[in-house]
Every structure is written in structure tokens, then in C-alpha cells.
Amino acid sequence: MSSHKQTIAIVALGLWSAALTLGAMRVILPVYFASVGVSVSKIAVLFFLFKLSEVFAPVGVGLTINRLGYRWSFIGSLILHSLMSWFYIFKPGFALIYLERFIRGIIGMPLQSAVYIKHFSAKERQPFHINMVLGGRDAAKGIGMFVGGVLIAVLPFEYSITMLGLLTAGATVIALRYLPDLKEEVKTGVLMIWGAVDRKMKTLGLARGFLHGASDGWETVILPVYLTLGFGLSPALVGAVMMGEQIFHGLSVALLSKCFNFNLDSRKPLVGWSLMLLPVCLALSLPMPIHLFLPLVFLYQFVNSAYVVYSNHLKMEFSTDEKTSMDIAVYETISNVFKPVAVFVSGVLAEAMGFSWAFYFSSLLIFLSVLTCLALPKPTPQPASWVRPYASKSVVLNK
């Protein structure tokens, strides 16, 4: 295996181990705390804090990468994931678990993985590598939901989460042994970050943010409640649908990246796929039997995956070699900002006016994403680059 392929494999292993842990905790935490009588609102705060920290985390993570370098930022995040999983062996109180959830959200493993792919993947292979790694992350979250259900069924609560720390610890050991370093020469000042990032990267992040909001607006809270109250599905079946949807989305992103042509202008398919989401989302608002509703849910995920493939490609295309971490950090910040807002607004609309209005609201956000995609400038190809590793850091040279 070449050194570049080995690096991407190590990065993927670290990201997927963390994603599987997060997916497992999505099941373990609510199942356990509901069983001991903790209120739904308290349980919801655990996940709200995680989502909220995702909004503020990317810039801080980007600055850390920019200052410390790629290797220790990545390894440090894996170490934190492992320590926080083992932290549960001490049976922490609810206040400490709130803090743990917030810190987990701050650790931006997707951002740290993307910067590695930008510099260690050949230009023509970047679309496949970024979608394989990030698609695999989503699939790992879905698998983690199944793993979490098994662990909480056979082990005490504290041990079920502690066991997950072994995954990230193993990835940490491998990264310590084999992961190369790279340091960015351009150190961006905190107050200069926003102005230093090109408008096209911000526009792409805004388009992705609207679509993030549209998806989270009906998937995160509305879908499980709607499946339970609207169709009478049992909690086990609801969990199976949520897990299957997550795995299907992740695998679709990874597989579709092998099928698409990225030599053409990627803005046009980005507009096309986002536009195709509109009728699917509106159709979900209509009354129908479960055997029609579920195929529409998976059709939405398939079309959304196609959009994500091109969006990830343009994220790599628009980011610069000199300040990759800052470019992607701003992109991630903008793309995450609508998630908690959309979840809150959709919940209010569903409660006050019915479930259909949550889908109407998501359709509006999809339409805004389409308009934002139309404003994207044509990507300007950068010169190909290659990376020569030296001991503790790497130097990027242009051909």
C-alpha cells in the first residue's frame, strides 16, 4: 500500500471508529435514561448540546489544525473520544454528561479528515476519497446504532459506553504509529478568518446548510414521532428504520462517487439534484400508507446522497492548499448553523399545525438551497500538488 493510500486508510479508520461510537450513544443514552425515569426534555438536551456545539466547533478546530498541524489535531481528537468513553466507568452525574456531550460535538473529526484528503489524495481521486470517507462515516453511525442496542441489552450502562472507547483507542495507536504530519504555512488570524475565505466557499456552505436544515427538520425529531403516532410502529421498528436510513445514505454517498463524472461543471448537477428533492419532500407531507411512505423516505436519502457527493467534491475543489483548515472550517460552520434552528421550528410547526407543516418547512429550505446553488461561481481548477513527508511534518510542493 502506498504511503498516501495508507494515510487515507488511517484517517478513515479513526473517523469511522468515532462515528460508530456516536451512533451507538444515540441509542444507549436515551434507552438507559428513559428506563430510569429521566424526563424526555432532559434527554433531548443531551442531543441539543451536541448539535449546538457542532455550530461553534469548526472554527476552533480549524484554528487548532492551523496551529498544531494535522497529525496531533487528529490524534488528540481520538484520545479525547477514548477518554470520554472511559469516563462513564465512574458513573458521572447528569451535569457532567451534559459537558461530555458538548465536548463530543466540538471534536470535529470530519473536518480533520477532509484536510488530510485534500493533501494526501491525488487530484483526480479526491471526489471518490472524500465521499468514501464521509459516506462511510454515516454508514458507521447507522451500524453504531445497532451495536449500541446490543451493548445496552447485554451490559450495564457504564460498561456499554466504556467498551466503545476501545475502538477509538485502537485507531489512536495506529495513528500514533503511522499517521504523517503536515503543517500549514499560512497562519490565519482569528479576526481575519471570515475575510480570508473566498465567497464561493461560503456560498457552497450556505447551500449545504439549507439542505442540512431541510433534512434535520423532518428526520431528527419528526420522523420517529410520526412513525410512532402516525403509523403505530413499535420502538424497535422505528429504530430499525432510522438505522437503515442512515446506513443507506452513507453507502449511497460512497457508491455514487464511483459513478459520477466530476470533469464536468459540478454546479449543474448540484442544482438538479437539490431541485429533485422538492417533490419528494412535498410528497412526504401527504397522507399515505406506510408501504408508500417508507420508499419515499429512502428515495429522499438517495437523491440527497447524490447532492452530497457533488457538494463534497466542490468543497475539496474550492478549498485552497495554503489554508485548507480555515476554508473547510468556515464551510462547516455555515453548513451547521441551520440544524438546531430547523429542528426547533419543525417541532413547533408539527405540534401547532400538524406533521405536514414540518415537511412544508423543509421544502422551503430545499428551495432556498436551490437558489443558493444557482449563485455558485464556476470552480477554478488549482494546480495539481503532491506531498513529500519529512519526519514530523510534510511540505506541499506544486508541480
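On a predicted model such as this, the values are computed, not experimentally measured, just so you know.

A. Here's a closer look at the state of the cysteines. One pass over the full model with this rule turns up zero disulfides. The thiol sulfur of Cys281 is not disulfide-bonded, and the nearest other cysteine sulfur, from Cys373, lies at 16 Å. By relative accessible area, Cys281 is classed as buried at 0%.

B. Fine view of the confidence of the model for the protein. Averaged over the protein, the pLDDT score is 86; the fraction of residues at 70 or greater is 94%. Long-range and interchain partners of residues 384–399, a stretch whose pLDDT sits below 50, account for 32 contacts in this model, where long-range means more than four residues apart.

C. Quick peek at unusual backbone geometry. For Lys91, which is not a glycine, the phi torsion comes out positive at approximately 55°. You can see Lys91 is positioned in the loop between helix H3 (70–86) and helix H4 (94–106).

D. Quick peek at the packing of aromatic side chains. Using the criterion set out here, one finds 22 aromatic pairs in the structure. Look at Phe33 and Phe94: their rings are 4.8 Å apart centre to centre, the planes differ by 75°, and that puts the pair in the edge-to-face class. Taken as a pair, Phe33 in helix H1 (residues 3–35) and Phe94 in helix H4 lie far apart in primary sequence, 61 residues in all. Clustering of aromatic rings is evident, with ring pairs tying together Tyr32, Phe33, Phe87, Tyr88, Phe94, Tyr98 and Phe157. Directly above the ring of Trp72 sits Arg71, whose terminal nitrogen or CZ lies 5.3 Å from the centroid. A cation over an aromatic ring shows up here: Lys258 above the ring of Phe128, its NZ or CZ 4.8 Å from the ring centre.

E. View of the pattern of salt bridges. Per the stated rule, a full pass over the model turns up eight salt bridges. We note a salt bridge from Glu54 to Lys339, for which the minimum N-O separation is 3.9 Å. Placement of the pair is Glu54 in helix H2 (residues 40–68) and Lys339 in helix H15 (residues 338–353), with a sequence separation of 285 residues. Among the residues examined, Glu54 registers a relative accessible area of 15% and is labelled buried. Put simply, Arg104 and Glu100 hold a salt bridge, and the shortest N to O gap is 2.5 Å. Of the two residues, Arg104 and Glu100 both sit in helix H4, four residues apart, roughly one turn of that helix.

F. Structural context of a nonpolar patch on the surface. Where nonpolar side chains cluster on the molecular surface, the patch consists of Ile79, Leu80, Leu83, Trp86, Met163 and Leu166 and spans about 540 Å² of accessible area. Elements supplying a minimum of two residues to the nonpolar patch: H3 and helix H7 (157–178). Element by element, the count of residues in the nonpolar patch is highest for H3, at four residues. Position of Met163 among the secondary structure elements: in helix H7. Overall, Met163 belongs to the partly exposed group, its relative accessible area being 43%.

Scoring rules and cut-offs
Position numbers for residues start from 1 in each chain and track the written sequence from start to end. Selection of residues for local features in this predicted model requires a pLDDT of at least 70, selection of side-chain atom pairs for listing and counting requires 80 or more, and totals for whole chains, interfaces and linings are taken over all residues. Excluded from the side-chain calculation are hydrogens and water; included are all heavy atoms of the structure. Note on disulfides: each one is a pair of cysteine sulfur atoms within 2.5 Å. For every residue, the accessible area obtained with a 1.4 Å probe (protein chains only) is divided by the maximum for its type, and the residue is called buried under 20%, exposed over 50%, and partly exposed between those limits. The quantity known as pLDDT measures the predictor's confidence residue by residue, on a range of 0 to 100. Residue contacts are counted whenever heavy atoms from the two residues lie within 4.5 Å of one another. A run of DSSP states H or I qualifies as a helix once it reaches four residues; a run of E qualifies as a strand once it reaches two. Both are numbered from the N-terminal end. Centres within 6.5 Å are what make two rings of Phe, Tyr or Trp a pair, Trp counting through its six-membered ring; a difference in plane orientation under 30 degrees is then read as stacked, over 60 as edge-to-face, and the rest as tilted. A ring is scored as having a charge over it whenever the NZ atom of a lysine or the CZ atom of an arginine sits within 6 Å of its centre and within 35 degrees of its normal. Just to be clear on terms, a salt bridge is a Lys or Arg side-chain nitrogen sitting within 4 Å of an Asp or Glu carboxyl oxygen. Residues qualify for a patch when their relative accessible area is over 30% and they have no salt bridge, like charges being joined within 9 Å and the nonpolar side chains of Val, Leu, Ile, Met, Phe, Trp and Tyr within 5 Å. Throughout, the Shrake-Rupley method with a 1.4 Å probe supplies accessible areas, and for residues the shown protein chains are the sole cover considered.

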